Amino acid sequence: MTDPAVVDPRTGPGAGAGAGAPKGLDLDRLAAYLAAHRPELAAPPLRARLIAGGKSNLTYALRVGEGATGREVVLRRPPLGHVLATAHDMAREHRIISALAPTAVPVPAALLLCPDPAVLGAPFYLMEKVDGEVFRSRSQTDALTAGQRRDLAMAMMDTLADLHAVDPAAVGLADFGRPEGFLGRQVRRWAAQLDQSRSRPLPGIDELRAALAGSVPEGANAGRIVHGDYRLDNLLATVGAAPSADGPGDNAGAVSVRAVLDWEMATLGDPLADLGLLLTYWDVLGDSDAAAGNPVADGLGPRAGFPAGAELIERYAGRGDVDVGPLHWHVALGCFKLAVICEGIHYRHTLGQTLGGGFDRIGDMVAPLVEHGLRAVREQ
């Protein structure tokens, strides 16, 4: 996995952590576990670096061995401290990327699942390194041409339509969730998460919760695979060179989605939940003053030169067979869900349990999300 924002926070030797181990990893324990379960991934020396950008689960690049025989893989584990029940489920991530491997949905190859929290303090899994770029900041997306930004947005929607077209039973995921009552359970789940993350007054958020709970739609599209946090910066993509003054090259401006990442909230449910959350990132945060310079949404949406959300939904609707219909309620749910997630990250940050930078402004996004969610739920 290639990310331009790779950092290497060192914590020193520590008891059993291994010299220079990033926080959250015990390299000695990890090396012993790999030697027992995947010896081909245990060639010394084992080195690790935290891949910056994610604000929930932690992602590390692992370098195994030296020189031409060395190999780099990726490790995913839950965040440090204050892990909410049912969130950050590594086994679900590992299972779904394994199941989707033979489909049109691009995912990294799953290599190993460790369900034993005794090794690193939490379950974790390994997956292959996929070449590509995670587009999450304006410094990255501003470097793209208008055509490349449009192509990237459309490739994002095509990939989501391909995901929602997968038959869960055909890939062994018939029991991956309970589609019946999915939307109502989403409201209750995120309400419960809110109660566990609340550390300060949050005006309007209880009104939004009540409005959502009192107006849950039937969910005619239920039963599809839902990613749960689908957005541009949860994709690895490649973008070809822009056309030169001498004319376009053989692959000028070509865009390819190489992998969809961060599957811990995936389940079976209503695909409109993915669309509502995507529009929350894209049109709400991506066109809000609160997003300027914020690592969650700085490089997304119309403010960053991408097409508006309505055009994305039109592309999606033309690609698959999902009845899109009105999305106001689903956008309101997306606002509520993302407000709760941001509040949980803010809470962990106040406890000193976050790694990397960019966490100091996450809490600022809660209020505009709640405000827009209330407007959306009243418009349905």
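Each remark here, short or long, concerns the structure printed above.
The shown structure was predicted, so the numbers you read here are calculated from the model rather than taken from an experiment. (Residues numbered from 1 in each chain as written. Predicted model: local features only at pLDDT ≥ 70, side-chain atom pairs only at ≥ 80, totals over all residues. Heavy atoms only, no water.)

Novice: Just to check I follow, could you spell out the packing of aromatic side chains for this structure?
Specialist: Where two aromatic rings form a pair, the distance of their centres and the angle of their planes describe that pair. On inspection of all chains with the given rule, the structure shows two aromatic pairs. Residues Tyr33 and Phe124 carry aromatic rings whose centres are separated by 6.0 Å and whose planes lie at 70 degrees to one another, so their mutual orientation is edge-to-face. Of this pair, Tyr33 sits in helix H1 (residues 27-37) while Phe124 sits in strand S5 (residues 124-128), placing them 91 residues apart in sequence. Across this residue pair, the class does not change: Tyr33 and Phe124 are buried. (Phe/Tyr/Trp six-rings, centres within 6.5 Å; stacked < 30°, edge-to-face > 60°. Helix = DSSP H or I, 4+ residues; strand = E, 2+ residues; numbered from the N terminus. Buried < 20%, exposed > 50% of the residue type's maximum accessible area, 1.4 Å probe, protein only.)

Novice: Quick question: what am I supposed to make of helix H11 (residues 366-379) here?
Specialist: The periodicity of an α-helix, 3.6 residues per turn, causes residues three or four positions apart to be oriented the same way. Taking 1.5 Å per residue, 14 residues should reach 20 Å; H11 reaches 20 Å between its end C-alpha atoms and fits that length. Along H11, the positions that sit buried rather than exposed are Val366, Leu369, Val370, Gly373, Leu374, Ala376 and Val377. The arc that holds every buried residue of H11, seen down its axis, measures 165 degrees, which confines them to one face. Turned more than 90 degrees away from the buried face of H11, the exposed residues are Ala367 and Arg378. Residues of H11 that are buried sit in contact with helix H7 (205-213), helix H8 (272-285) and helix H10 (328-350). (Expected span 1.5 Å × (residues − 1). Arc of directions from axis to C-beta. Contact = heavy atoms within 4.5 Å.)

Novice: I keep staring at the pattern of salt bridges and nothing clicks. Help me out?
Specialist: A side chain with one charge can pair with a side chain of the opposite charge if their charged atoms come near. Scanning the entire structure with this criterion turns up 25 salt bridges. Here Arg315 and Asp158 are joined by a salt bridge, their closest N and O atoms 2.8 Å apart. One end of the pair, Arg315, is in helix H9 (residues 309-319); the other, Asp158, is in helix H5 (residues 146-165), and 157 residues separate them in sequence. Judged by relative accessible area, Asp158 falls into the buried class, the value being 11%. Notably, a salt bridge pairs Arg319 with Asp162, separated by 3.2 Å at the nearest N-O pair. In this pair, Arg319 sits in helix H9 while Asp162 sits in helix H5, placing the two residues 157 residues apart along the sequence. A relative accessible area of 44% means that Arg319 is categorised as partly exposed. In the salt-bridge network here, residues are joined through shared partners; they are Arg76, Glu93, Asp262 and Glu264. (Salt bridge = Lys/Arg side-chain N within 4 Å of Asp/Glu carboxyl O.)

Novice: Teacher, can you tell me more about the packing of H8 against H9 here?
Specialist: Any two packed helices are characterised by how steeply their axes cross, that is the angle between the axes, and by the distance between the axes. Their axes nearest at 10 Å, the elements H8 and H9 cross at an angle of 150 degrees. One element, H8, and the other, H9, form an angle in the roughly antiparallel class. Crossing handedness for the pair H8 and H9: right-handed. Taken together, the residues of H9 that come into contact with H8 (itself represented by Leu275, Leu279, Trp282 and Asp283) are Gly309, Ala310, Leu312, Ile313 and Tyr316. Here the residues of the contact of H8 with H9 sort into seven nonpolar, one polar and one charged. (Axes fitted to C-alpha atoms, helices over the stretch in contact; angles between N-to-C directions. Parallel < 35°, antiparallel > 145°, perpendicular 65-115°, else oblique. Left-handed = near helix turned anticlockwise from the far one by under 90°. Nonpolar A, V, L, I, M, F, W, Y, C, P; charged D, E, K, R; others polar.)

Novice: What is the right way to look at the layout of surface pockets in this model?
Specialist: A water-sized probe, rolled over the atoms, reveals where empty space remains. In this structure, the largest pocket occupies an estimated 380 Å³ of space. Forming the walls of the largest pocket are 23 residues, and the residues nearest its centre are Phe182, Gln186, Arg189, Met265 and Thr267. Of all elements in the fold, only helix H6 (182-197), strand S9 (267-269), H8 and H10 reach the threshold of two or more residues within the lining of the largest pocket. With five residues, the single largest contributor to the lining of the largest pocket is H6. Partitioning the lining of the largest pocket into residue classes produces 10 nonpolar, six polar and seven charged. The volume enclosed by the second largest pocket comes to roughly 180 Å³. In terms of residue count, the dominant contributor to the lining of the second largest pocket is H10 (three residues). Here the residues of the lining of the second largest pocket are counted per class, giving seven nonpolar, six polar and three charged. (1 Å grid on protein atoms, 1.4 Å probe; cavity = no way out; pocket = protein on both sides within 12 Å on 5 of 7 lines; lining within 4 Å. Points joined across faces, edges and corners; volume = space filled by probe spheres on them.)

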